[in-house]
Amino acid sequence: MGFKSKKFQDPYFYEERLKTITFFDKVACYLHAINIISHEGVDIKLPRLSQSVQNVRTDWKNIQKRLCDPYSGRVSTTFSDGVWIFAVNHLELSTDNINKLMLELGDCKLVIASEGGDLMHAEMKLLRALKGMGKLKSGRVEIGSSKPCCLRCRDVLNNWRAAFTSYHSIPVAENKWDDPDVGVPGWKQHPQEMGLVS
Ligand SMILES: [Zn+2]
């Protein structure tokens, strides 16, 4: 699904986001919200991760809107073989942030994909980490993000037939996007052989 608005704060985006958000997006948003709350020192009691996104208190809704701020950074996540993998842009996760998330996710393994700087978008850091772990497989990846991904990330995710919710159409300059160098899966290189085109 594409999101055409130039502004993440557009009410249309916000409504659409609430309708289409996946559990993976919600987990990414949750960690991002924990980070915003701790970074800004605001006194807000977090709802439970399992709570409906539509049915939460007003102060929490304000935090949800902060997630849509283009300058608030980004958290993305994926799950592979029992391990939650997280990556971020333009924010720093503290141990306390991670511990708060672990309280919600329960007993699980969690790693931070730290390879790549802020010019490697969080979604791409995840693909790179999966590749490094030998777990990047076409059609077998689901990505959640605290905001829609860019067109460049969308194209790479589509190459790998990864599941993700939405993208925005705000252009990202070539020199503002680091290639994760994860290659191209077989179906994309040889679609005829894979029987995907006639
Ligand atoms: Zn991107």
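Above this text is the structure in question.
Residues numbered from 1 in each chain as written. Predicted model: local features only at pLDDT ≥ 70, side-chain atom pairs only at ≥ 80, totals over all residues.

Topic: the overall build of the protein
Each helix and strand counted, the protein has seven helices and six strands in total. Out of the 198 residues in the protein, the part that is buried amounts to 31%. Across the protein, every contact between residues at least 6 apart in sequence was considered, and the portion connecting residues at least 24 apart equals 65%. (Helix = DSSP H or I, 4+ residues; strand = E, 2+ residues; numbered from the N terminus. Buried ≥ 20, exposed ≤ 12 C-beta atoms within 10 Å, placed from the backbone. Contact = placed C-beta atoms within 7 Å.)

Considerations on the sheet that holds strand β2 (residues 74–80)
Strand order in the open sheet formed by four strands is β4-β3-β2-β5, and the pairing between neighbours is mixed. If you trace the sheet from one side to the other, it starts and ends with β4 (109–112) and β5 (144–145), each paired once. As judged from the four bridges shared by strand β3 (residues 83–89) and β4, these two strands associate in the parallel manner. Its bridge partner being in β4, Ile-85 is matched across the sheet by Val-111. Here helix α2 (residues 23–40) sits on the sheet in contact with β2, β3 and β5, set at roughly 135° to β2. Contacting β2, β3 and β5, helix α5 (residues 122–132) crosses the sheet at an angle of about 30° to β2. (Pairing = 2+ DSSP bridges. Axes fitted to C-alpha atoms, helices over the stretch in contact; angles between N-to-C directions.)

Some words on the packing of α5 against helix α6 (residues 151–159)
Contact geometry of α5 with α6 gives a least axis separation of 9 Å together with a crossing angle of 30°. Here α5 is positioned roughly parallel relative to α6, judged by the angle of their axes. The crossing of α5 and α6 is left-handed. Contact residues: Glu-123, Met-124 and Leu-127 in α5; Cys-153, Val-156 and Leu-157 in α6. Among the residues making up the contact of α5 with α6, the classes are represented as five nonpolar, no polar and one charged. (Parallel < 35°, antiparallel > 145°, perpendicular 65-115°, else oblique. Left-handed = near helix turned anticlockwise from the far one by under 90°. Nonpolar A, V, L, I, M, F, W, Y, C, P; charged D, E, K, R; others polar.)

Structural notes on the pairing of β3
With seven bridges connecting them, β2 and β3 associate as antiparallel partners. Bridging from a neighbouring strand, Phe-79 pairs with Trp-84 of β3. Counted between consecutive antiparallel strands, the loop separating β2 from β3 contains two residues, among which Asp-81 sits at a positive phi close to 50°. Read as a crossover between parallel neighbours, the route from β3 over helix α4 (residues 95–105) to β4 is right-handed. (Right-handed = clockwise from strand over helix to strand, strands pointing away.)

Some remarks on α5
For α5, a buried count of nine out of eleven residues is recorded, marking the element as mostly surrounded by other parts of the structure. Contacts from the buried residues of α5 go to β2, β3, β5 and α6.

Observations regarding unusual backbone geometry
The residue Asp-81 is not glycine, and still its phi comes out positive at about 50°. Mapped onto the secondary structure, Asp-81 falls in the loop between β2 and β3. A positive phi angle is found at Asp-181, which is not glycine, with a value near 55°. Assignment of secondary structure puts Asp-181 in the loop between β6 (167–168) and α7 (186–189). You can call Asp-181 exposed: it has 11 C-beta atoms within 10 Å.

Considerations on the pairing of β2
Within β2, five of the seven residues are buried, leaving the element largely enclosed by the surrounding structure. With two bridges joining them, β2 and β5 adopt antiparallel strand pairing. Bridging from a neighbouring strand, Thr-77 pairs with Gly-144 of β5.

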